[in-house]
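Structural overview
Below are the chains, spelled out letter by letter.
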Amino acid sequence: MSRPPARPSAEEIERLLVGSPARFTKEQVTAKAGVSQELAERIWRALGFAQRADGAVAFTDADVAALRRVRRMLDGGLLDEQTVIRMARALGQTTARLAQWQAEIMIGAMLPTEPSQDDLAKVLGAAQELMPDFEQVLVHVWRAQLAAAGTRLLAIADGNDELVPTRVTMAVGFADLVSFTRRSRELDERELAELVEGFEARASDVVASHGARLVKTLGDEVLFTAPSPAQAAGIALDLVESGVELRVGLAYGPVLPTMGDVFGTTVNLAARLTAIARPGTILVDSALAEGLEGFDLHKIRRRPARGLGVVQPYLLRRSSS
């Protein structure tokens, strides 16, 4: 009688996906790469990797090569240590979410409800086979997104003294799923996940189609930015007409972009307007309303907004003409 295949171990998964076995301790990998242990540990922490014991054989040839690249960037004077750590943190946080998301998609698509050891082995085999293509597509998409980000920064900086201004003027929008708390109690976990993923997918498609940026998703809420009031208004209208009951708030003004997120009074105002809006409606602030032509705008009663005093909202609708 043949024995059933064993469940893949963590070490086997790591060796299969990383591509090279662990050969070095912390002291050895930093010595071979020519960087200090202190810097290497700061980079690893920023990337989100677990702390390794001093004598543990946990590092590969790829770790040596990566640290050598960091050393070359520092030696060439292109980046300082603080910038390297910030870049590492951005890379670690983004790729951790990407990897988790991709793993969940793969497992959800390939595994039955009650997977066997054979099923687990098939998923791992498929991941190994797809890795080269995933890697190439990832690099291509990253380069394209980097080009898009650079283009946006140049457009924002046009007419500014600084290439990357400390504060930039743009439209900020929040879109919020109505009655999410009630729905989360009524739906099972899979149905709730499908609701959230569907909402995020629709929002991402709509925002991208208007040449804007989806900054982040918060489960029942998405935050986006747009260069102009008209683009933000078009996004908001398409979202509320997408078949899911939403409320949307938009504001236009100075924003502080940092670490891929946006901060400032304009962001807070958009969030407050979203909280004030009734289901299925869009509220915008005075600054964004002034920048719109060809839309129906209706001034409504002034409202208190927590931390911002009294604000003058406008109800935005698509023009009937």
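Only a predicted model underlies this, so the values are computations on that prediction, with no experimental measurement involved.

Taken together, the side chains of Lys 32, Arg 68, Arg 69 and Arg 72 present a region of like positive charge at the surface. Per element, the largest residue contribution to the positive patch is three residues, and it comes from helix 4 (residues 61-75). On the secondary structure map, Lys 32 appears in helix 2 (residues 26-33).

In the numbering used here, UniProt assigns the feature "domain: Guanylate cyclase" (unreviewed entry) to residues 171-274. With 48% helix and 33% strand, the stretch residues 171-274 has end C-alpha atoms that lie 14 Å from each other.

Side-chain positions along a regular strand alternate between the two faces of the sheet. With four bridges joining them, strand 2 (residues 213-217) and strand 3 (residues 221-226) adopt antiparallel strand pairing. Residue pairing in the sheet places Thr 217 in a bridge with Val 222 of strand 3. What sits between strand 2 and strand 3 in their antiparallel hairpin is a turn of three residues, with Gly 219 showing a positive phi close to 80°.

Here we take up the side chain of Thr 266. Structurally, Thr 266 can be placed in helix 10 (residues 265-276). Once residues lying within four places of it in the same chain are set aside, the contact partners of Thr 266 are Met 170, Val 172, Ala 251, Tyr 252, Gly 253, Pro 254 and Val 255.

Overall, the prediction assigns the protein a mean pLDDT of 86, with 92% of residues at 70 or greater. Looking over the protein, one finds the lowest element-wise mean pLDDT in helix 1 (residues 10-18), namely 72, and the highest in strand 6 (residues 282-284), namely 98.

Moving on to the packing of helix 3 (residues 37-47) against helix 5 (residues 81-110). As a packed pair, helix 3 and helix 5 sit with axes 7 Å apart at the nearest point and diverge in direction by 30°. With respect to helix 5, the axis of helix 3 lies roughly parallel. On helix 5, the residues touching Leu 39, Arg 42, Ile 43, Ala 46 and Leu 47 of helix 3 are Glu 81, Val 84, Ile 85, Ala 88, Arg 89, Leu 91 and Gly 92. Classifying every residue of the contact of helix 3 with helix 5 gives eight nonpolar, one polar and three charged.

With 12 residues, helix 9 (residues 229-240) should reach 16 Å at 1.5 Å per residue; the first-to-last C-alpha distance of 17 Å fits that figure. Along helix 9, the residues that are buried comprise Pro 229, Ala 232, Ala 233, Gly 234, Ile 235, Ala 236, Leu 237 and Leu 239.

All right, on to the packing of helix 3 against helix 4 then. It is at 12 Å that the axes of helix 3 and helix 4 come closest, and there the two elements cross at 110°. The orientation of helix 3 relative to helix 4 falls into the category roughly perpendicular. Judged by the sense of rotation from one axis to the other, the crossing of helix 3 with helix 4 is right-handed. Touching Leu 39, Ala 40, Ile 43 and Trp 44 of helix 3 are Leu 67, Val 70 and Leu 74, all from helix 4. Within the contact of helix 3 with helix 4, the residues separate by chemical class into seven nonpolar, no polar and no charged.

Close approach of charged atoms allows side chains with opposite charge to pair. One pass over the structure, following the stated rule, counts nine salt bridges. Where Asp 54 meets Lys 26, a salt bridge forms, and the shortest distance between an N and an O atom there is 3.2 Å. One end of the pair, Asp 54, is in the loop between helix 3 and helix 4; the other, Lys 26, is in helix 2, and 28 residues separate them in sequence. With a shortest N-O distance of 2.9 Å, Lys 216 and Asp 261 are connected by a salt bridge. Of this pair, Lys 216 sits in strand 2 while Asp 261 sits in strand 5 (residues 261-263), and the two are 45 residues apart along the sequence. Since its relative accessible area comes to 13%, Asp 261 is described here as buried. If you follow the salt bridges from partner to partner, you end up with Lys 26, Glu 41 and Asp 54 in one network.

What follows is about the packing of aromatic side chains. The final tally for this structure, using the stated rule, is one aromatic pair. Ring geometry for Trp 44 and Phe 59: centres 4.6 Å apart, planes at 25°, overall stacked. Taken together, the residues span a long stretch of sequence, with Trp 44 in helix 3 and Phe 59 in the loop between helix 3 and helix 4 at a distance of 15 residues. Both residues of the pair, Trp 44 and Phe 59, count as buried.

Moving on, we get to a nonpolar patch on the surface. Nonpolar side chains collect at one region of the surface, where Ile 13, Leu 17 and Met 131 lie side by side and expose about 200 Å² of accessible area between them. Structurally, the position occupied by Ile 13 is in helix 1.

Right, let's talk about the nonpolar core for a bit. Ile 235, Leu 239, Leu 250, Ile 282, Val 284 and Leu 316 are the most contacted members of the largest nonpolar core, which has 31 residues in total. Looking at this core, the elements that each hand over two or more residues are strand 1 (168-177), helix 8 (189-209), strand 3, helix 9, strand 4 (246-258), strand 6, helix 11 (286-290) and strand 10 (314-318). Ranked by size, the runner-up nonpolar core spans 19 residues in total, among them Val 35, Trp 44, Val 70 and Ala 88.

In this section: the pairing of strand 4. Taken together, the 10 bridges between strand 1 and strand 4 define a ladder with antiparallel strand orientation. Paired with Gly 173 across the bridge in strand 4 is Leu 250. As paired elements, strand 4 and strand 6 share three bridges and run parallel to each other. For Leu 250, the partnering residue across the bridge sits in strand 6 and is Val 284. By the bridge criterion, three bridges tie strand 4 to strand 5 in an arrangement that is antiparallel. Note on strand 5: the bridge partner recorded for Leu 256 is Phe 263.

Here is what the cut-offs are and how they apply
Sequence order as written defines residue numbering, which begins from 1 separately in each chain. Whole-chain, interface and lining totals are the exception, using all residues; otherwise, since this is a predicted model, local features are given only for residues with pLDDT of at least 70 and side-chain atom pairs are given and counted only at 80 or more. Hydrogens are left out, water is left out, and the side-chain values use all remaining heavy atoms of the structure. What goes into a patch is any residue over 30% in relative accessible area without a salt bridge, connected to like charges within 9 Å or, for nonpolar side chains (Val, Leu, Ile, Met, Phe, Trp, Tyr), within 5 Å. The Shrake-Rupley method, run with a 1.4 Å probe sphere, supplies the accessible areas, and residue values consider only the shown protein chains as cover. Salt-bridge detection follows one rule: a side-chain nitrogen of Lys or Arg within 4 Å of a carboxyl oxygen of Asp or Glu. Charge convention: Lys and Arg are scored as positive, Asp and Glu as negative, and His as well as the terminal groups of each chain are ignored. By convention, the point assigned to a charge is CZ for Arg, NZ for Lys, CD for Glu and CG for Asp. In this description a helix means any DSSP run of H or I spanning at least four residues, a strand means any run of E spanning at least two, and both kinds are numbered starting from the N terminus. UniProt positions are given in the numbering used here, feature names are shortened, and annotations may be inferred rather than shown by experiment. Following DSSP output, two strands are said to pair if at least two bridges run between them. Any two residues whose heavy atoms approach within 4.5 Å are treated as being in contact. Looking at any residue, its pLDDT shows the predictor's confidence there, from 0 to 100. Only the stretch in contact is used when fitting a helix axis, every axis being a line fitted to C-alpha atoms; angles between N-to-C directions are given from 0 to 180 degrees. Oblique is the label for any angle not covered by the other classes, which are roughly parallel (under 35 degrees), roughly antiparallel (over 145) and roughly perpendicular (65 to 115). Each residue is assigned to one of three groups, with Ala, Val, Leu, Ile, Met, Phe, Trp, Tyr, Cys and Pro labelled nonpolar, Asp, Glu, Lys and Arg labelled charged, and all others, Gly among them, labelled polar. Take the number of residues in a helix, subtract one, and multiply by 1.5 Å to get its expected span. Summary of the burial criterion: residues with accessible area below 20% of their type's maximum are buried, those above 50% are exposed, and those between are partly exposed, where the area comes from a 1.4 Å probe applied to protein chains only. Take the far helix as your reference; a near helix turned counterclockwise from it by less than a right angle gives a left-handed crossing, and one turned clockwise gives a right-handed crossing. The pairing test for Phe, Tyr and Trp rings, Trp by its six-membered ring, is centres within 6.5 Å, and the orientation test on the planes gives stacked under 30 degrees, edge-to-face over 60, and tilted for anything in between. We call a set of buried Ala, Val, Leu, Ile, Met, Phe, Trp, Tyr and Cys residues a nonpolar core when their side-chain atoms join them within 4.5 Å.

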